[in-house]
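Residue-level structural notes
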Number of protein chains: 2
Amino acid sequence: MIRVDLHTQEVFPVEEFYPLRRKCAAHIVEMTYLAGCGHPGGSLSTLDFLLVALSCMRHDPKRPGWRERDRLFISHGHISPGVYSALGAYGYFSLEEAVVQFRKANSPFGGHVEWSVPGVEWNTGNLGQGLSAAVASALAGRIHKLEFRTVVCMGDGEQQKGQISEAARFARKYRLNNLVAFVDVNGLQIGGETEKIMPLNLPSLWQAFGWNVLELEDGHHPQHLYKAFRQAYLHQTPTPEAPTVILAKTIMGKGVSFMENQAKFHGTAPSKEQAIQALQELNQPNRLETLETNRKELGTLPLSLHKDHTFLEPPQIEVGAPMLYPAQTLTDCRSAYGRALEDLAKRNNREKIKIVGFTCDLEGSVKMNAFHKTSLEAFFEGGIQEHNTAALAGRLSKEGLVVFFSTFGVFAGSEVYNQQRLNDFNRTNLKVVATHCGLDVGEDGPTHQCIDFIGLFSNLFSFSIFFPADPNQCDHIIRYIAGHKGNFFVGMGRSKLPIVLKENGEPYFDLDYRFQPGKADRLRNGDEGAILAFGPVVHQAIQARERLLEKGKKIQVLNFASLKPIDEAAVREAAKTGAILVVEDHHVETGLGAKVAQILGKSGLSCKLQCLGVNHYGSSGKPKELYKTFGLDSEGIFQAWQKFF
Amino acid sequence: MIRVDLHTQEVFPVEEFYPLRRKCAAHIVEMTYLAGCGHPGGSLSTLDFLLVALSCMRHDPKRPGWRERDRLFISHGHISPGVYSALGAYGYFSLEEAVVQFRKANSPFGGHVEWSVPGVEWNTGNLGQGLSAAVASALAGRIHKLEFRTVVCMGDGEQQKGQISEAARFARKYRLNNLVAFVDVNGLQIGGETEKIMPLNLPSLWQAFGWNVLELEDGHHPQHLYKAFRQAYLHQTPTPEAPTVILAKTIMGKGVSFMENQAKFHGTAPSKEQAIQALQELNQPNRLETLETNRKELGTLPLSLHKDHTFLEPPQIEVGAPMLYPAQTLTDCRSAYGRALEDLAKRNNREKIKIVGFTCDLEGSVKMNAFHKTSLEAFFEGGIQEHNTAALAGRLSKEGLVVFFSTFGVFAGSEVYNQQRLNDFNRTNLKVVATHCGLDVGEDGPTHQCIDFIGLFSNLFSFSIFFPADPNQCDHIIRYIAGHKGNFFVGMGRSKLPIVLKENGEPYFDLDYRFQPGKADRLRNGDEGAILAFGPVVHQAIQARERLLEKGKKIQVLNFASLKPIDEAAVREAAKTGAILVVEDHHVETGLGAKVAQILGKSGLSCKLQCLGVNHYGSSGKPKELYKTFGLDSEGIFQAWQKFF
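Residues numbered from 1 in each chain as written. Chains lettered and ligands numbered in written order. Predicted model: local features only at pLDDT ≥ 70, side-chain atom pairs only at ≥ 80, totals over all residues. Heavy atoms only, no water.

This part takes up the packing of helix α19 (residues 538-550) of chain B against helix α23 (residues 634-644) of chain B. A pair of packed helices can be characterised by two numbers: the angle between their axes and the separation between those axes. Residue and element names in this part refer to chain B. Viewed as axis vectors pointing N to C, α19 and α23 meet at an angle of 50°, and their least axial separation amounts to 8 Å. Our classification of the angle between α19 and α23 gives oblique. Remark: the crossing between α19 and α23 carries right-handed chirality. Residues Gln540, Ala541, Gln543, Ala544, Arg547 and Leu548 of α19 form the contact with α23, whose participating residues are Ser634, Glu635, Ile637, Phe638, Trp641 and Gln642. For the contact of α19 with α23, a count of residues per class yields six nonpolar, four polar and two charged. (Axes fitted to C-alpha atoms, helices over the stretch in contact; angles between N-to-C directions. Helix = DSSP H or I, 4+ residues; strand = E, 2+ residues; numbered from the N terminus. Parallel < 35°, antiparallel > 145°, perpendicular 65-115°, else oblique. Left-handed = near helix turned anticlockwise from the far one by under 90°. Contact = heavy atoms within 4.5 Å. Nonpolar A, V, L, I, M, F, W, Y, C, P; charged D, E, K, R; others polar.)

In this description, a pair of aromatic rings is defined by centroid distance and the angle of the planes. Residue and element names in this part refer to chain A. The final tally for this structure, using the stated rule, is 69 aromatic pairs over all chains. Measuring from ring centre to ring centre gives 6.4 Å for Phe170 and Phe358, while their planes differ by 35°; the resulting arrangement is tilted. Here Phe358 lies in strand β9 (residues 355-359) and Phe170 lies in helix α6 (residues 162-173), a separation of 188 residues in the sequence. The class of Phe170 is buried, set by a relative accessible area of 0%. Phe358 sits in the buried class, given a relative accessible area of 0%. Residues Tyr174 and Phe380 carry aromatic rings whose centres are separated by 5.3 Å and whose planes lie at 75° to one another, so their mutual orientation is edge-to-face. Within this pair, whereas Tyr174 is found in the loop between α6 and β3 (179-185), its partner Phe380 is found in strand β10 (residues 379-381), the two being separated by 206 residues in sequence. With a relative accessible area of 5%, Phe380 lands in the buried category. (Phe/Tyr/Trp six-rings, centres within 6.5 Å; stacked < 30°, edge-to-face > 60°. Buried < 20%, exposed > 50% of the residue type's maximum accessible area, 1.4 Å probe, protein only.)

It takes a turn of 180° to lay chain B on chain A, together with a shift of 0.0 Å along the axis; the resulting RMSD is 0.0 Å. The relationship between the two copies is best expressed as a two-fold rotation axis. Mapped onto chain A, 100% of the interface residues of chain B are again interface residues, and the two copies thus contact each other with one and the same surface. (Least-squares fit on C-alpha atoms with pLDDT ≥ 70 in both.)

Further remarks concern helix α10 (residues 272-281) of chain A. Residues and elements named next belong to chain A. Among all positions of α10, only Ala275, Ala278 and Leu279 are buried. An end-on view of α10 places all buried positions within 100° of arc, on one side of the element. In this structure, α10 carries Glu273 and Gln280 as exposed residues pointing more than 90 degrees from its buried face. Elements that come into contact with the buried residues of α10 comprise α1 (14-35) and α11 (288-297). Downstream of α10 by one or two residues, Asn283 has phi in the positive range, about 60°. (Arc of directions from axis to C-beta.)

Once that is clear, we can look at the domain arrangement of chain A. All names here are of chain A. According to the domain assignment, chain A consists of domain 1 (15-298), domain 2 (330-498) and domain 3 (521-644). Distance from the C-alpha centre of domain 1 to the C-alpha centre of domain 2: 33 Å. Each partner contributes to the interface: domain 1 provides 25 residues, whereas domain 2 provides 29 residues. With both sides pooled, the region where domain 1 packs onto domain 2 buries about 2,300 Å², and carbon together with sulfur makes up 55% of that total. When residues of domain 1 are sorted by the area they lose upon contact with domain 2, Trp115, Trp122 and Ile143 head the list and together hold 27% of the total. Along the contact surface separating domain 1 from domain 2 lie two salt bridges. Close ionic contact of Glu121 with Arg395 constitutes a salt bridge, the shortest N to O distance being 3.0 Å. Elements with a minimum of two residues in the side of domain 1 that touches domain 2: β1 (71-74), α5 (130-143) and α6. Sort the elements by how many residues they give to the side of domain 1 that touches domain 2 and α5 lands first, with eight residues. Per-class residue counts for the side of domain 1 that touches domain 2 are 12 nonpolar, seven polar and six charged. (Domains from an automatic or database assignment. Buried area = accessible area lost by both parts, 1.4 Å probe. Salt bridge = Lys/Arg side-chain N within 4 Å of Asp/Glu carboxyl O.)

Quick look at the interface of chain B and chain A now. With 103 residues of chain B at the interface, the matching set in chain A holds 103 residues. For the chain B and chain A pair, buried surface summed over both sides reaches about 8,100 Å², with 55% attributable to carbon and sulfur atoms. The three residues of chain B that bury the most area against chain A are Ile384, Phe461 and Tyr617 of chain B, which together make up 9% of that side's buried surface. Joining chain B to chain A, the criterion identifies eight salt bridges. Residue Arg103 of chain B pairs with Asp444 of chain A through a salt bridge whose shortest N-O separation is 3.0 Å. Top contributing element to the side of chain B that touches chain A by residue count: helix α16 (residues 417-425) of chain B, with seven residues. Looking at side-chain class alone, the side of chain B that touches chain A contains 35 nonpolar, 45 polar and 23 charged residues.

All names here are of chain A. Pairing is mixed in the open sheet, where five strands are placed in the order β16-β18-β17-β20-β21. Pairing within the sheet leaves two strands with one partner each, and these edge strands are β16 (521-524) and β21 (608-614). Direction aside, the axes of adjacent strands within the sheet are offset by 20° on average. By the bridge criterion, four bridges tie strand β17 (residues 530-533) to strand β20 (residues 579-587) in an arrangement that is parallel. Bridging from a neighbouring strand, Ala530 pairs with Ile580 of β20. (Pairing = 2+ DSSP bridges.)

Residues and elements named next belong to chain A. For the coordinates displayed, the defined rule picks out 64 salt bridges over all chains. Across the pair Arg347 and Asp343 runs a salt bridge whose closest N-O atoms are separated by 3.0 Å. In this pair, Arg347 and Asp343 are both assigned in helix α12 (residues 333-348), four residues apart and thus about one turn of the helix distant. For Arg347, a relative accessible area of 25% translates into the label partly exposed.

Taking 1.5 Å per residue, 22 residues should reach 32 Å; α1 of chain A reaches 32 Å between its end C-alpha atoms and fits that length. Positive phi shows up at Gly36 of chain A, right after α1 of chain A, with a value of about 75°. (Expected span 1.5 Å × (residues − 1).)

It is worth spelling out the pairing of strand β18 (residues 556-559) of chain A at this point. Side-chain positions along a regular strand alternate between the two faces of the sheet. Residue and element names in this part refer to chain A. Of the two faces of β18, the one carrying Gln556 and Leu558 and the one carrying Val557 and Asn559 are both buried. Sheet topology note: the β17/β18 ladder contains four bridges and is parallel. When the sheet's bridge partners are listed, Ile531 is paired in β18 with Val557. Between the parallel elements β17 and β18, the chain passes through helix α19 (residues 538-550) in a crossover that is right-handed. (Right-handed = clockwise from strand over helix to strand, strands pointing away.)

Residue and element names in this part refer to chain A. Its location among the elements puts Arg479 in helix α18 (residues 471-483). Among the polar contacts made by the side chain of Arg479, one reaches the main-chain carbonyl oxygen of Val319 at a distance of 2.9 Å. There is a polar contact of 2.7 Å between the side chain of Arg479 and the side chain of Asp475. Every residue in contact with Arg479, bar those within four places of it in the chain, is listed here: Val319, Gly320, Ala321, Pro322, Met323, Ala340, Asp343 and Arg347. (Polar contact = N/O pair within 3.5 Å; in protein donor to acceptor, adjacent residues only side chain to side chain.)

Turning to the environment of Glu506 of chain A, a few remarks are in order. Residue and element names in this part refer to chain A. Looking at the secondary structure, you find Glu506 in the loop between β15 (496-498) and β16. Residue Glu506 is classed as partly exposed on the basis of its relative accessible area of 44%. Separated by 178 residues in the primary sequence, Glu506 and Gln328 place their C-alpha atoms 9.5 Å from one another. Excluding anything up to four places from it in sequence, Glu506 contacts Val500 and Leu501.

This brings us to the sheet that holds β9 of chain A. All names here are of chain A. The strand order across the open sheet formed by seven strands is β10-β9-β11-β12-β14-β13-β19, and the pairing between neighbours is mixed. Of all the strands in the sheet, just β10 and β19 (562-564) have a single pairing partner and so form its edges. The sheet shows a mean angle of 20° between the axes of neighbouring strands, taken without regard to direction. Pairing of strand β11 (residues 402-408) with strand β12 (residues 430-435), which is carried by six bridges, proceeds in the parallel orientation. The partner of Phe404 across the bridge, within β12, is Lys431.

Excluding glycine, most residues fall at negative phi; most peptide bonds, likewise, are trans. In this structure, the amide linkage connecting Lys564 of chain A to the following residue, Pro565 of chain A, adopts the cis form with an omega of 0°. Mapped onto the elements of the fold, Pro565 of chain A is located in the loop between β19 and α20 (568-575). One non-glycine residue, Asp361 of chain A, lies in the positive phi region at around 60°. Among the secondary structure elements, Asp361 of chain A is positioned in the loop between β9 and α13 (369-374). Residue Asp361 of chain A is classed as buried on the basis of its relative accessible area, which comes to 4%. Even without being glycine, Lys145 of chain B reaches a positive phi, approximately 55°. With respect to the secondary-structure elements, Lys145 of chain B resides in the loop between α5 (130-144) and β2 (150-155). Assessed through its relative accessible area of 71%, Lys145 of chain B is described here as exposed.

Rendered as structure tokens:
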């Protein structure tokens, strides 16, 4: 371990560096040999920077979650052997454990870096996404008025990925000069030379982004690395208000002769002979047989080794009292969301920022304007850059903030599904509120119709899916998610909706109502069948039910504002009526109907089931026209009931 | 309509231009007024370029699908009023129809441009994706050795989107100088000034991409536009082998005084008074009342108006005879895919290219090497740029080619879900073959485990989902998709699999076997229960069945290689045994088990059902270890059966 004070020292203790470097390089060889797989090449080309950065960053291996630590992100997550070696050498954990557990089932020391390893901030592995997380960390420093720096390492291959451009632009826009990026330019990716796979002029590109660009001819020389890093860290750059990128030429596999400049060793482990030769070259002892025995003796590891070391708990939120929209109100859930968010901001963001909001050029459409005005410093415009914004918002939600991310459904889900997936297993605390869901988007047409949000978010283990039936329920749900930890997707349409009423004409979702995940609302009673619905079609269902009542049929109407978790008991109860009609403004095979069928299928209950929903792509058109076309209006529901039951 | 021969004419007939321009501008006003919504601002800022381009491009309004036409793509699809006005003026369709049908339900004249309109090549609307489609078109020209040019219009707001960087790099790498891009730099997006929303140095950025950059101070001046377009078209540029971008400063709402430079008119229609004023300013007759009447009289439009005008049928493919992997073979489906693809290339790509392959820096891992070697000119390396590659491959599949896109499951599905969605309603003909699906990915860990492909692709109406149980079935499936039109997702794991055998020890999927979508394979008979599975767990299921047989239980084993469409009859038949156990290397709630439950739920059949699958994110680890952890190996299946039934 080397410790350097970059505020006072200009010279790096190079003589101490090389023995440490060789030791870490040996661990990289050991790990990958033992696992029989892994990525030694990039590990050895980034290693020097990692060791130099860790020598002078502000961090404490005993407190990986220290709020004021400088944060280190690894975007090319496959260089995990290099990262584990370096962090282990700095005392974050037992190097011995890391070496023998590397890539073993249930071990925290995964093939791509994982947050379960102390010192690792964020799971990466899908390339091009680490910069967004690092940008979030730099932004967290600004929001919390903390002085820490954020450092991110990237590969040169992943520079091809568009999301990096988005993240770089965001960082420059918000003048995040507390961010230092390092690009390991070893010139190779899995497929061969980066210049052949996809040519890229890195200096020009980063200059176009408006960053400070420092180029290093030898990205292994500790003094050169230190000098550049110090310059960036201390803002001794041409544009001090801009972030800085260090583009460092390196050699893949550096320090192990047969690995050097060999694309093969991007992702190939050394054989035993090769490992022995490498250890000799590195002048390190050959402990391979002992390590092999130790690895074998591990047996099956428990999953309990996965602990999160850096999650900053969200602040306590005062959720306030619900707003009541009276019976005759006609407004959209978007506006109810906007008002609730404004109220939350007023209550919680007065002294310091607790609630943060993001959108992607749709502030007005998603009704974040009032929040923006109320919390000037807490609102961030991500531009038409959804991939970056989703990832950034996700990471920020682990930094002691309640983060709302709002855009249209197709952009909050379909377009950034993988970013949400990565957020999900990074155990974020993100509130995704998506407007313009379903066919209810105005006349924008099929590209803008998000008819798959249940199908998508059902794949993500920690995400709940909610969808209010009217503005009153929307207000309740927004306050609920603001006050509860976890990942939530809240969908809503675009149109104005009538208030859902009790049979006595008063608002159903009144001040006494409490939103509960996994609980359906029985809006109307009846024992001759049940209509199950959510969202804008709920009031159509109620109207259809009235017409059926006139025909002497008493049907119950259930509202499923909580789609995940879902109220299985309510479905089973409804099945007792013998006839269930599901109505939804969603893909008919992947939404509520599918979930209801699953519950019936698993419970073995026998009940007639029919589903109405979106069974082909919609066209442009007013939602009312489209609902008619798809048979989702009260007339369509009424006719369907008559036909099927 | 103006026609100019750019090979001979240096001067544009400006005097003919302005009357045409005013007429089209008036149609923009009419359309948006009539619909009460739409995007007049950008329509008016791009209009001049559209009219100039159409005046000198090689195209024939009577033959929108003419193979040798120059192709025009619109990336900022919301400027549909401008596009419809211009195409209508050039005789692609009745302008009258376009004006009165604009944004009406089921009309082809949607809110964002759609292929159902003659002259429109590709549905866009989600920004930043049109360039990828245009790049595909330029590539198609190269592959087919046709001289046509591809022209693409983009907005300046969408330049923020990372996918544009990816597409620009790909175009430069492959020297697609048959591509001309136009950026309408009106300086405004929905949220306000682009410079405030997300600052971007466009000239530097495009120079960094290595493109020719032509800047225009007045993007409305027909002579200036013509000169730049001609230069780009005729390769009279500093780097003739590179594509060219024209960055043109324009005025949003140009020509209508109260719309000029008003961000509000990005997406707001004029009121009646405003429309009347605009028509006066444009010196055009006020036909609003007649048009209103005509629109009202349209009634409900039929869906049949949606015809595809540009789809080029895929070539006839000689699929050859299946390869037989004998009973004792141990190989992976990836390799079987690679061999089948190589064989298809040898049979079909000899004289001219019929089958094209794409990957994203994973050529070796997805086993495309042999195809690459066999078809040097038909293999394209997309780099670590999945978004661009998925969109590009999709468009290319409508250009008379059979297109295979292969990468890991998380990159072919999760990461590019929205690109596949856009492909889907663009009615592409894409063969997505994804390796590394499920937990069966080696030790790369959760970021690389694609456990949601059924959940994802079930949302896409036209995509089929197949998953072979062994290399023999894989060979059959690959030949099947090569020979059939449509979008297919074929998943497979990474590991070597034993051959699935009949009870007599011979390969089940032999030369007589025929793969049929929607048909399950009954691998083993039995009437005391059924195990339903697909993919790598199939042989685990067979082993478990043997052990159960030893205990006196005769269970049938069904293989669902076709997951969408699914064999509902086989499920219902299995239900007659009274007990179904589903086993899958997939998210347990969104895969085969969910589909089986749905079928049971909808059929009202009563049958005990249990599902084994992936119920939390996996860790790094050998697939064998992971299957054990998740209870998906033969032991786990055997135990589960004993426990539940």
